[in-house]
Amino acid sequence: MPKDPHFKKVFQRIKAKKPRDLDMQFEKAHEQVFENLDCLTCGNCCKTTSPMWNETDIQRVAHLLKMKVAQFLDQYLIKDSDGDWVYPSAPCPFLTLEDNTCQIYEHRPKACREYPHTDRKNMLGIMNLTQKNAVICPGVAQIMEKLERIYN
């Protein structure tokens, strides 16, 4: 277990320094970590958080399930205080708990496809989200351990 399990100091350091190579370092660490990590052994993201659903996601999955959009929304989603479509509770209703597989994997929302958001541009802009994800996702925690050594 790292000395600072929530990586508060490294996040503070990164936010203060604003390193020019941050996106490159995240991308490199992301590739190294997820090359050897099987997300199906964990599933914390699906067990504990809800993705935000955009209109395209909603229409695609409603069609897949042969439901009208209104019926899909009534059955699976609510609008949160920010006006985003999310699950009312965890775990994800499409998660198979026995093996952490997704029943709609090929059609899953964009937010799920991009999770944990550590291989994108402008990582500095999502440091607060990344800090939350470091607690949920062992992969993000491993990435932060690598970045802690670089930006210490």
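Everything here concerns the structure above.
Notes on the structure follow. (Residues numbered from 1 in each chain as written. Predicted model: local features only at pLDDT ≥ 70, side-chain atom pairs only at ≥ 80, totals over all residues. Heavy atoms only, no water.)

1. What about the environment of Asp 99?
With respect to the secondary-structure elements, Asp 99 resides in the loop between β3 (95–96) and β4 (101–102). Placed 56 residues apart in sequence, Asp 99 and Gly 43 show a C-alpha to C-alpha distance of 8.8 Å. A polar side-chain atom of Asp 99 sits 2.7 Å from a polar atom in the side chain of Thr 101. (Helix = DSSP H or I, 4+ residues; strand = E, 2+ residues; numbered from the N terminus. Polar contact = N/O pair within 3.5 Å; in protein donor to acceptor, adjacent residues only side chain to side chain.)

2. What about the pattern of salt bridges?
As enumerated under the stated definition, the model contains three salt bridges in all. Note that Lys 121 is salt-bridged to Glu 27, the shortest N-O span being 4.0 Å. You can see Lys 121 sitting in the loop between α6 (110–114) and α7 (127–136) and its partner Glu 27 sitting in helix α2 (residues 22–35), a full 94 residues away along the chain. (Salt bridge = Lys/Arg side-chain N within 4 Å of Asp/Glu carboxyl O.)

3. A word on helix α5 (residues 69–76)
The complete set of buried residues in α5 reads Phe 72, Leu 73 and Tyr 76. Looking straight down α5, one finds its buried side chains confined to an arc of 95°; they lie on one side. Of the surrounding elements, those touching the buried residues of α5 are α4 (55–64) and β2 (85–86). (Buried < 20%, exposed > 50% of the residue type's maximum accessible area, 1.4 Å probe, protein only. Arc of directions from axis to C-beta. Contact = heavy atoms within 4.5 Å.)

In short, shape yes, function no, at least from these values alone.
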